[in-house]
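Descriptive structure summary
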Amino acid sequence: MVVTRRLTRRNVVRGAAAVVAAALARPSLAQATARVAVIGGGFGGTACARALRRLDPKIQVTLIEPNRTFTACPLSNEVIAGLRELPAQQFSYDKVAADGIVVAAQAATKVDAEARTVGLADGSTLSYDRLVLAPGIEMRFDALSGYDEAASAKMPHAWTAGEQTLLLRRQLEAMDDGGVVVIAVPAAPLRCPPAPYERASLIAHYLKAKKPRSKILVLDAKDNYSQQKLFEHAWAELYPGVIERIALSQGGRVTAVNPATKEIVTDFGNYTAAVANVIPPQRAGRIAAIAGVADRTGWCPMDPVTFASKLVPNIHVIGDAAIAGGIPKSASAAAAQGRACAAAIVAALAGKPPETPRLDGACYNTVAPGYAFSLKGIYQPKDDLYAEAEVTTSPVEASREVRQREADEALSWFNTITGDAFG
């Protein structure tokens with residue numbers, strides 16, 4: 001006889017609390033169930049947790065994530081430009097919990113690698129046999145003079161989707177026609193390398209329709225960037241004279257900001273913005289440093305076959321936080337790493353050698369409604385990092401029909417990746 005009951009948020013929370021309590025104590029040696037804890041409920045962490053349950057339902061999987069709602073970064077630039085609303089970016093963990101995964105709505109505050117425990121914000125302790133860190137990124141508020149977390153309330157980075165996304169949108173809406181929007185872009189590595197240029201494109205679309213006398217200035221700490229020719233071709237076609245980019249060699253690296261005056265200082269000049277979108281340098285999410293898996297760069301070296309940390313045993317690192325070579329820091333790459341990491345853990349727990357991963361990734365960039373292009377790749381381990389095995393980029397010269405088809409593909413891709421993670 002199978003007994004079913006309606007799954008409600010209250011049932012999920014009660015069930016999760018009960019299983020977390022049971023998981024806090026180490027099982028006896030007579031118990032065969034392995035315990036895998038995953039910290040971080042983004043695309044990488046949820047992909048890993050769900051793949052673990054799918055590959056071996058006997059594994060006790062706990063997903064540690066303080067936010068009860070996940071807000072996706074892909075397509076969030078469309079929210080900034082008024083083409084999409086924020087609720088379309090938001091997803092609950094109800095379906096994840098329904099898979100039999102314990103969703104612990106707590107922040108991880110401590111990792112004891114020797115004892116194999118994770119300390120949670122409420123003071124409880126969770127034991128594990130294997131730990132997966134998928135902490136994403138955090139802003140390096142100490143890296144840019146004058147820019148700290150308080151400054152981001154006046155000069156939003158909007159690099160984590162949510163309130164910052166809406167803040168930047170509101171500032172654009174309140175700006176007088178003729179105002180200058182300045183986007184400060186950091187040097188690599190950063191989450192989703194082409195996203196600043198997609199953002200410039202979609203803000204240009206908004207300005208063209210709502211504030212036609214306004215301009216965009218991109219101050220860039222790099223000379224070259226992903227899909228550059230595609231962006232430049234689109235800007236010339238769609239937004240001539242609207243977007244100006246000052247590259248590193250032209251003095252575009254931002255060195256300091258003044259939130260009170262919205263002044264931005266570069267190597268060769270100062271600029272005053274009506275709206276300042278300051279994207280600071282980044283590093284792995286804070287728990288990576290607490291766990292000891294981040295090196296001096298602020299990122300996490302890991303084995304590309306097993307995703308095992310090179311610094312701490314029995315911990316795996318996936319997603320944006322990892323030093324992964326040629327594979328970009330993107331939602332698609334994080335999800336692919338999560339699935340491959342799960343397979344490696346299941347193999348290790350069974351005493352089997354891991355298979356060499358072959359990860360696929362896709363990056364879509366929308367520069368106007370119905371106008372997008374993409375980069376798609378296959379990545380494999382090589383020389384202790386990931387390298388491109390196959391890469392396909394949209395042609396620079398393409399018809400509007402092709403651009404429309406890729407815009408449709410971008411939305412389909414988003415629905416698929418969010419459905420796989422949260423649906």
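Above this note sits the structure.
Conventions and cut-offs
Residues numbered from 1 in each chain as written. Predicted model: local features only at pLDDT ≥ 70, side-chain atom pairs only at ≥ 80, totals over all residues. Heavy atoms only, no water. Helix = DSSP H or I, 4+ residues; strand = E, 2+ residues; numbered from the N terminus. Contact = heavy atoms within 4.5 Å. Core = buried A, V, L, I, M, F, W, Y, C linked by side-chain atoms within 4.5 Å. Buried < 20%, exposed > 50% of the residue type's maximum accessible area, 1.4 Å probe, protein only. Salt bridge = Lys/Arg side-chain N within 4 Å of Asp/Glu carboxyl O. Expected span 1.5 Å × (residues − 1).

Attention now goes to the side chain of S201. For S201, the location among the structural elements is in helix α6 (residues 195-210). Beyond its immediate sequence surroundings of up to four residues, S201 is in contact with F231, W235, Y239, I243 and V367.

With that settled, consider the nonpolar core. One finds L52 and I216 to be the most contacted residues of the largest nonpolar core, which totals 110 residues. Per-element tally for this core: the top contributor is helix α9 (residues 331-349), with 9 residues. Discounting residues that sit within four places of it in the chain, L52 has contacts with V36, V38, P57, I59, V61, A342, I345 and V346.

This brings us to the pattern of salt bridges. One pass over the full model with this rule turns up 18 salt bridges. Its salt-bridge partner being E138, residue R286 comes within 3.3 Å of it at the nearest N-O pair. One end of the pair, R286, is in helix α8 (residues 286-291); the other, E138, is in strand β10 (residues 137-139), with 148 residues separating them in the sequence. Of the residues examined, R286 reaches a relative accessible area of 59% and is grouped as exposed. Among the ionic pairs, R245 bridges to D220, the shortest N-O distance being 3.0 Å. Residue R245 is found in strand β13 (residues 243-246), and its partner D220 is found in strand β12 (residues 215-220); the two are separated by 25 residues along the sequence. You can call R245 buried: its relative accessible area is 17%. The class of D220 is buried, set by a relative accessible area of 0%.

Helix length check: α6, at 16 residues, gives a terminal C-alpha distance of 22 Å against a target of 22 Å (1.5 Å per residue), a fit within 8%. Buried within α6 are the following residues: A195, P196, Y197, E198, R199, A200, S201, L202, I203, A204, Y206 and L207.

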